[in-house]
Every structure is written in C-alpha cells, then in structure tokens.
Amino acid sequence: MLRRCKALLALGCLCCLLLSAAPALAQIVVVAGAQSNVHELTREQVEQFYLGRAHSLPDGLALAIADLPTGPVRDEFYLKLTGKNPIQIRAHWSRMVFTGRALPPVEAADVAQLRQWLAVRPNLIGYLPASEADSRVRILLRLP
C-alpha cells in the first residue's frame, strides 16, 4: 500500500512538473482593424494603454483597448508586455478602478468577437496570437 502511494505521489509530482514546464505560447501581436488610422505603436505606448496610464496618442487620437478572456493568451500577453502575472494585473486594475483613474479594457468573448469589434471601431486595439492575425487586422506591434 505504501509503495503504491509513493508511486502515485511521484506520478502526481511528474505531472505538475510537466505542466509547469509547458512551453511559452507563440508570438503575440497587438492589432487594430485593417481600416484603422493607427499604423504602429511602441512597446511603451502599448504598455501605458494596457495599464490605464494613457488614453490617447501624442497626436491626440484617443484609443480604446480590448482584452481576450482570462486564459493562457491573456496571461502570456501581460507577462510579456508588463512582466506582471494575472494576480498582479487584477490588483493593478482594481486599484485603477477604485481610485477612478481608469476603466479596465473591454473583454471580448474570443478572437472572433475581437476581430468583429476591430472591424467597426477604428480606434480600438487588441492582441491575439500571431497565428490568428489575418487580412482583417493590422499588426501594430509584435511581442516575442
């Protein structure tokens, strides 16, 4: 019995190790709709927008931001862009909302809904895996 418990424990530890060592997602891109007047953004600009610290470009063009639903793509995006994990991002946005400094990004249900929003809102930016970018979106920034 003890031998079997040890074997199950070892198997459980191995599974946890394999899951925690899962490779990072593919490249993530920040996008706007294909008809958007926004053609390029710097990493710093995108970070400022996604942390609620900026709301418009230097030329005065106001931008809105969209998130994908909670999950691996969103977590990877924020980690690559800001170095913050999901708990830190939630805490950051809680503070921003509580203090009245900013509202969090609107949350799309999935990539398809994000693409629909980008098609009709020229001042909206979002992000998605590079493999999901097509002719309906304009890539503004690539996150490795």
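I will try to describe carefully the structure that is included in this document. Predicted model only: the values in this text are computed from it and were never measured.

### With respect to the sheet that holds strand β2 (residues 64–67)
Taken in spatial order, the five strands line up as β3-β2-β4-β1-β5 in an open sheet, and their pairing is mixed. Edge positions in the open sheet fall to β3 (106–107) and β5 (137–143), since each of these has one partner strand only. Against the sheet, helix α5 (residues 111–120) contacts β1 (28–33), β2, β3, β4 (124–129) and β5, and its axis sits at roughly 150 degrees relative to β4.

### Some words on the pattern of salt bridges
Under the counting rule described, the total for this entry stands at six salt bridges. Measuring nitrogen to oxygen at the nearest pair gives 2.9 Å for the salt bridge that ties R74 to E107. Of this pair, R74 sits in helix α3 (residues 72–82) while E107 sits in strand β3, placing them 33 residues apart in sequence. On the basis of relative accessibility, which here comes to 44%, the residue E107 falls in the partly exposed class. A salt bridge links E132 to R115, with the shortest nitrogen-to-oxygen separation between them at 3.0 Å. Separated by 17 residues along the polypeptide, E132 in the loop between β4 and β5 and R115 in helix α5 bring together distant segments of the chain. Under the relative-accessibility criterion, E132 is labelled partly exposed at 32%. Taking relative accessible area as the criterion, R115 reaches 12% and is therefore assigned buried. In this structure, a network of salt bridges that share partners links the residues R115, E132, D134 and R136.

### Side note on the packing of helix α2 (residues 43–50) against α3
Running from amino to carboxyl end, α2 crosses α3 at an angle of 125 degrees, the nearest separation of the two axes being 10 Å. It follows that α2 is oblique to α3 by the angle criterion. The two elements α2 and α3 cross, and the hand of that crossing is left-handed. Contact residues: R43, V46, E47 and Y50 in α2; F77, Y78, K80, L81 and T82 in α3. Here the residues of the contact of α2 with α3 sort into five nonpolar, one polar and three charged.

The rules we used
- Residues numbered from 1 in each chain as written.
- Predicted model: local features only at pLDDT ≥ 70, side-chain atom pairs only at ≥ 80, totals over all residues.
- Heavy atoms only, no water.
- Pairing = 2+ DSSP bridges.
- Helix = DSSP H or I, 4+ residues; strand = E, 2+ residues; numbered from the N terminus.
- Contact = heavy atoms within 4.5 Å.
- Axes fitted to C-alpha atoms, helices over the stretch in contact; angles between N-to-C directions.
- Salt bridge = Lys/Arg side-chain N within 4 Å of Asp/Glu carboxyl O.
- Buried < 20%, exposed > 50% of the residue type's maximum accessible area, 1.4 Å probe, protein only.
- Parallel < 35°, antiparallel > 145°, perpendicular 65-115°, else oblique.
- Left-handed = near helix turned anticlockwise from the far one by under 90°.
- Nonpolar A, V, L, I, M, F, W, Y, C, P; charged D, E, K, R; others polar.

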